[in-house]
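Chain residues, written in single-letter form:
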Amino acid sequence: MKTEKKPNITTIPFLGDIILSGSRTLTGIALGLLTSGILIALSNANPLVAYGAMIKGAFGDIYAFCNVLVRVSPLLLGGMGVAIGNKAGIWNTGIEGYMYLGAIGSGLVAIQDWGLPSALHILLAVIVGMAFAAVWGLIPGYLRAHRGVNEVTCTIMLNYVAIYLTNWLVSDAGFFAESGAFFPMSKIFQDSAQLPILLRGTSLHPGVFVGIIVCLIFFFLLKYTPFGFRTRMLGGNPNAARYSGVDIKKQIVLVMVLGAMLGGLGGAIEVIGLRHRVYSDFVTGVGYECIAVALLAGGNPVGVIFAGFFFAILKVGGATMSIETGVSSSMTSIIMALCVLFVIGVGLTDNHRVKKKSNKADVKQKEE
Amino acid sequence: MSYDIIFSWLQATLRWSAPLLLVAVGEIFSERSGIINMGIEGIMLCGALCGIAASFYSQNILVAVLATIALGAIMGLAVAYLTVSRRTNQVVTGLMVNMLATGATNLLFAMMSETRSTRVGTFPIIFPQAMQKIPVLGEIFFCQPISTWIAFILPFIAAVVLYKTKWGLNVRAVGDHPQAVATAGLSVIKIKYQAVICSGIFAALGGCVLTLGEVGYFASGGMTGGRGFIVMAAVVVGGWDPLRTAIACIIFGAADAAQLRLQGMGSVIPYQFLQMLPYLITVVALTGMVKSSHVPKTWGAAYDPDSH
Amino acid sequence: MEEPKFALQMTDITKRFPGVLANDRISLDCKKGEVLGLLGENGAGKTTLMNVLYGMHQPDSGKILINEKEVEITSPSKAIELGIGMVHQHFKLVETLTVLENIVLGIPSNKVFLDLEPIRRRLLELCQEYELYVDPDAEVWKLPVGQQQWVEILKALYRNAQVLVLDEPTAVLTPSESDQLCRAIRRLTSEGRSIIFISHKLREVVEITDRVTIIRDGKLVGTIPTSEATQAKLAHMMVGRPVSIDRRSRPALQQKKPVLVMKDVNALDERGIQALKNFNLTVHAGEIVGVAGVDGNGQKELAECISGLKKPVSGTISVNDTLITDVVADPKFIGFIPEDRQKTGLVMDFSVAENLIIKEYDKEPYAEKRLLNLQNIKEHAQDMIKKYGIKTPTDTVKVSTLSGGNQQKVIIARELDSEPILDIACHPTRGLDMGAVAGVHDVLMKERERGAAVLFVSAELQEILALSDRIIVLFRGEIMGEVDGDTADAFTIGQLMLGQALEEKT
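Caption draft 1: Up close: the sheet that holds strand β14 (residues 314-319) of chain C. All names here are of chain C. If you walk across this open sheet you meet the four strands as β12-β11-β14-β15, and the pairing is antiparallel. Edge positions in the sheet fall to β12 (274-284) and β15 (322-323), since each of these pairs with one other strand and no more. As judged from the five bridges shared by strand β11 (residues 258-268) and β14, these two strands associate in the antiparallel manner. Of the residues in β14, the one forming a bridge with L260 is V319.

Caption draft 2: Summary view of empty space enclosed by the protein. Applying the stated criterion to the full structure yields one cavity of 30 Å³ or more. Approximately 140 Å³ is the volume attributed to the largest cavity. Lining the largest cavity we find 14 residues, and of these T183 of chain B together with Y54, M86, K155 and A156 of chain C sit closest to its centre. At the level of secondary structure, the elements contributing two or more residues to the lining of the largest cavity comprise β6 (84-87) and α5 (145-158) of chain C. A breakdown of the residues in the lining of the largest cavity according to their chemical character gives seven nonpolar, three polar and four charged.

Caption draft 3: Main features of helix α3 (residues 61-85) of chain B. All names here are of chain B. Relative to the 36 Å expected for 25 residues at 1.5 Å per residue, α3 spans 35 Å between its end C-alpha atoms, a close match to the ideal helical length. By the burial criterion, the buried members of α3 are A64, V65, T68, G72, M75, G76, V79, A80, L82, T83 and V84. Between a side-chain oxygen at the N-terminus of α3 and the backbone nitrogen of L62 the separation is 2.8 Å; the capping residue is N60. Taken from the residues just after α3, R87 is the one with a positive phi, measuring 55°.

Caption draft 4: Just the pattern of salt bridges, in detail. Residues and elements named next belong to chain C. In total, this model carries 33 salt bridges over all chains according to the counting rule given. Between E125 and R122 there is a salt bridge, and its shortest N-O distance comes to 3.3 Å. Note that E125 and R122 are positioned in helix α4 (residues 117-130) at a spacing of three residues, about one turn of the helix. The residue R470 makes a salt bridge to E482 at a minimum N-O spacing of 2.9 Å. Of the two residues, R470 is situated in strand β21 (residues 470-475) and E482 in strand β22 (residues 478-484); the sequence distance between them amounts to 12 residues. Classification of R470 as buried rests on a relative accessible area of 12%. Ionic contacts of the salt-bridge type, sharing partners, join the residues D24, R25 and K219 into one network.

Caption draft 5: Examining the sheet that holds β21 of chain C more closely. All names here are of chain C. If you trace the six strands from one edge of the open sheet to the other, you get β16-β19-β20-β13-β21-β22, paired in mixed fashion. Across the chains shown, the open sheet's two edge strands, defined by having one partner strand only, are β16 (334-337) and β22. Looking at each pair of strands side by side, their axes are set apart by 15° on average, direction ignored. Where β16 meets strand β19 (residues 422-426), four bridges bridge the pair, whose relative direction is parallel. Its bridge partner being in β19, I337 is matched across the sheet by A425. Lying on the sheet, helix α13 (residues 404-416) is in contact with β16 and β19; it crosses β16 at an angle near 170°. The strands touched by helix α16 (residues 490-497) are β13 (288-292), β21 and β22; relative to β21, the strand with the most contacts, the crossing angle is about 30°.

Caption draft 6: The interface of chain B and chain A, seen in detail. The partner chain A presents 45 residues to the 40 residues of chain B that form the contact. Summed over both partners, the interface of chain B with chain A comes to about 3,800 Å²; 77% of that surface belongs to carbon and sulfur atoms. Linking chain B to chain A there are zero salt bridges. Where the side of chain B that touches chain A is concerned, the elements lending two or more residues are α3, α4 (90-111), α12 (227-237) and α14 (271-288) of chain B.

Caption draft 7: Structural detail: unusual backbone geometry. All names here are of chain C. Of the consecutive residues E364 and P365, the connecting peptide bond is found in the cis state with omega at 0°. Checked against the element boundaries, P365 lands in the loop between α11 (352-355) and β17 (367-368). In this structure, E419 is a non-glycine residue whose phi angle is positive, near 50°. One can find E419 in the loop between α13 and β19.

Caption draft 8: Quick look at the packing of aromatic side chains. A full pass over the atoms with the stated rule returns 13 aromatic pairs over all chains. On the numbers, 4.9 Å between centres and 15° between planes, the contact of F229 of chain A with Y361 of chain C is stacked. In this pair, F229 of chain A is assigned in helix α8 (residues 226-236) and Y361 of chain C in the loop between α11 and β17, connecting two distinct chains. Among the residues examined, Y361 of chain C registers a relative accessible area of 3% and is labelled buried. Above the ring of Y243 of chain A, the side-chain terminus of K359 of chain C is found at 4.2 Å from the ring centroid.

Definitions and cut-offs
Residues numbered from 1 in each chain as written. Chains lettered and ligands numbered in written order. Predicted model: local features only at pLDDT ≥ 70, side-chain atom pairs only at ≥ 80, totals over all residues. Heavy atoms only, no water. Pairing = 2+ DSSP bridges. Helix = DSSP H or I, 4+ residues; strand = E, 2+ residues; numbered from the N terminus. 1 Å grid on protein atoms, 1.4 Å probe; cavity = no way out; pocket = protein on both sides within 12 Å on 5 of 7 lines; lining within 4 Å. Points joined across faces, edges and corners; volume = space filled by probe spheres on them. Nonpolar A, V, L, I, M, F, W, Y, C, P; charged D, E, K, R; others polar. Expected span 1.5 Å × (residues − 1). Buried < 20%, exposed > 50% of the residue type's maximum accessible area, 1.4 Å probe, protein only. Polar contact = N/O pair within 3.5 Å; in protein donor to acceptor, adjacent residues only side chain to side chain. Salt bridge = Lys/Arg side-chain N within 4 Å of Asp/Glu carboxyl O. Axes fitted to C-alpha atoms, helices over the stretch in contact; angles between N-to-C directions. Contact = heavy atoms within 4.5 Å. Buried area = accessible area lost by both parts, 1.4 Å probe. Phe/Tyr/Trp six-rings, centres within 6.5 Å; stacked < 30°, edge-to-face > 60°. Lys NZ or Arg CZ within 6 Å of the ring centre and 35° of its normal.

Written as structure tokens, this is what we have:
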């Protein structure tokens, strides 16, 4: 077979990949923003003014930016939880449920007045929250690994169960719910269990730093450890992983539980850092935003940081946009969804085409 | 007294199952063709709002249904374009369509504030008053709106279409071995588009039945409450067969209806636990199923026309 | 008006893929009632050419004539309309549908509902006529592979194919089924239909065809009448140099030290059907035991049981007295070249370097103190690339960009470099071209010399005969017979493959 290889930026290993995937994502986001702009215009607002308001809302002053930092924390942790699953070829769509369970677990500890030193109380609350979420994640993990139950449907069902469980706890359960509250909520957390505020006058808590550190840790784990190798191998080709002696079932459970723990950590930090109570639907929709974050990031932990910030900016800025231009803040989730849809719409086929090109060129290449 | 509760429960079971049945019928065709349309939750939501809005502005239920069908077809087309032509990941595509739908319905519903206070025209009850008065039967069956009756007949029609028509054969074949269909001279892409658009239409209709079947109002912020996901589970539990899936849908509908009834009775069990019931049953059913059942071979996988 | 002489003429067909010239001005023609052989190595461009004929690809230039009239074949349905039928190497049958439903799939009609009765009648007539019997109501996956091929042929005949392309039809057939196929082919040609017979089994091509067209590297080498062809000549034309698979000479086995011992092993396949029945086998150090048999008679399960991927229902398997209880991923112990490179043997998205250590990524020197040592991994990869002659630009490129032969080298390097006690090689040459095949054969012979016990599974009788010290023949999960490698002949083994036990000799 004659091969005529034309040099092309996309054929350069590594560098080509980065340029390609980066430009894909940016193109997708641009198209998403453009389409959303048209929708904003249709709802009788100037899109440029709206986006301007959005940027102002996110970066206008230090308080605005602190707000972004606060909002980004659950997105980073939850997004990483989904991303680690993606790397292993698993769709861990249960983040919302894990967040609720994490919040419940840490809440149960945080409302107790044990006279613990603050650091210890916080640590205990976080650990219990993560443990609750881990147990919750064990269910779909076990079912997927040992029974072959599709994890997407299963985790989504469990999300609803978690929501109703939280609902009950904050409205009816005497040991947990605030009695006589006009809105269902848990008792307020002890001061010792609340995360410190880093900047007076804002609600900035250290969650964002935890999120960034966790993402970096996972970047390292995936790239430089046997655990990461195993996980990527499972995602790349489960048959080959099994053939190489990986205990696939154990690895699936492990990855799902890890993802659940990250989600739980996100939920725990959200309540001990920001809300100081558990409310009935305090993270509604965040779980799905985390999936979008992981996707935009292409499962890459460093990408999760960028994608998480992008979404947090949209969310915080969206509120300002709503106030200043009268466009409903629901527009935010439309923008998010459109951006992701365009990224995958533009992206995967492109990727596919390039892959195939090189395949065709090389598969037929002569041996000698 | 206690019989009354059972009757009203049965009646509610039929009513709550109807939207599930409609959505499930479409989803079966889509999944049989290899495409998991996870966007049905969102399409349902849009159909629910579209039904209400069209019924409100036109004061005509038929117009509302037609508008819903058109919307469902367009959304199905969008999902088909992404998953079939662009070969995007079906899970992500569906979840993002749901996110988009949640945002869009909230946005539009906020703009249509006048529909909020008004109850709009709903699906009519076709049986005369006299028949509705018949004890038991009347209460359970004859006071159902026409939409419920159609929803219950539909799975049988779907079974005939799937197993006895040429198109049904094409759909079954495409999901299992698209290359075989291509070499037989048919267009795989076209058949997949048709199946996915079909799932879009039925999902939108399901949403429409949810709002116009009885209640006649829309509640913003996820009024479908994961019913689209429950349907997806029912399709899996039902082994991609219209009749078995219908049974699964009815069981979920019954759990849903029971939950509402028990909630009203002030049972000792907190009502939130009853609300969990349909979802828990789904998880248990998924677990208990059905590894033996026949999964379409290319379920969830993209079709590359150039691969052989 | 004279009856046209040629059923099909393809002239100067050129087909280019991005970066590849798959067909370079290839011409062939096929007379009515003729069997034309199409011969070429894997990747020579046969499949592309046939896909052009069947409307799956559009040629960049060139003409196609059917019955001496120029046609443009834009899609498979157009090809079917023009009377072209194709039986692909990988069957295009929907396994969950019945035979009848597969036949009816895609047949144009105005009816909404399926009307199977007339089709059933016509199908049964065709079965009778060509002696290719199948049950119209059986689901395809329940049929033996041979019969699935009949379904494919009947499908084409139902559509009244005048030119029938058979792509490697005998690869899945037992010798008697092959004979049946030959009879059907004779029958078809006597009716004036034309057959294009694609194969790389030279013996068959010589037996069955009237003329042979040989292509190499996407170019036409030539067309010769079969009467003037010998296997050696065809092979020479196909590869560009003389080749033959002769029996490799070997030193005699010194001492018999059992390595692999299987006792009364029973195992099920994926569908829960018994795949190995009371299986007993011993393989000694320094011998190659060839496992012959038609595909799907337990070979896959045999390899999977030994490597621990599949748990037998009963019986014991031991290697050097160690019982196999779990997946063996230690290439110092068992080297396993799996049947399907891409599905089992490699992670296609991983780099060459990573694929070289997927069994040892968590052992020294690749992992130290719970961290991967990327430097050692890279050095190992570069050693292996040099030692095994893996053709790759760097060790960091994805293994999916390598050719089949080089992918196989990656697996061989990984599995055999640590000198395992037992080698299991499953169809190690499948899909490779002749140069690469010879390379794999050399490797296996070297393993034998080194003193490894080698279990060599292949569907190609010739290579089994060339390499094996002993040959066992599998039939429906049992050893039908065992033959000494030096005295074995193809005929005896063919008989055994059909399930006819060797007559007891005293």
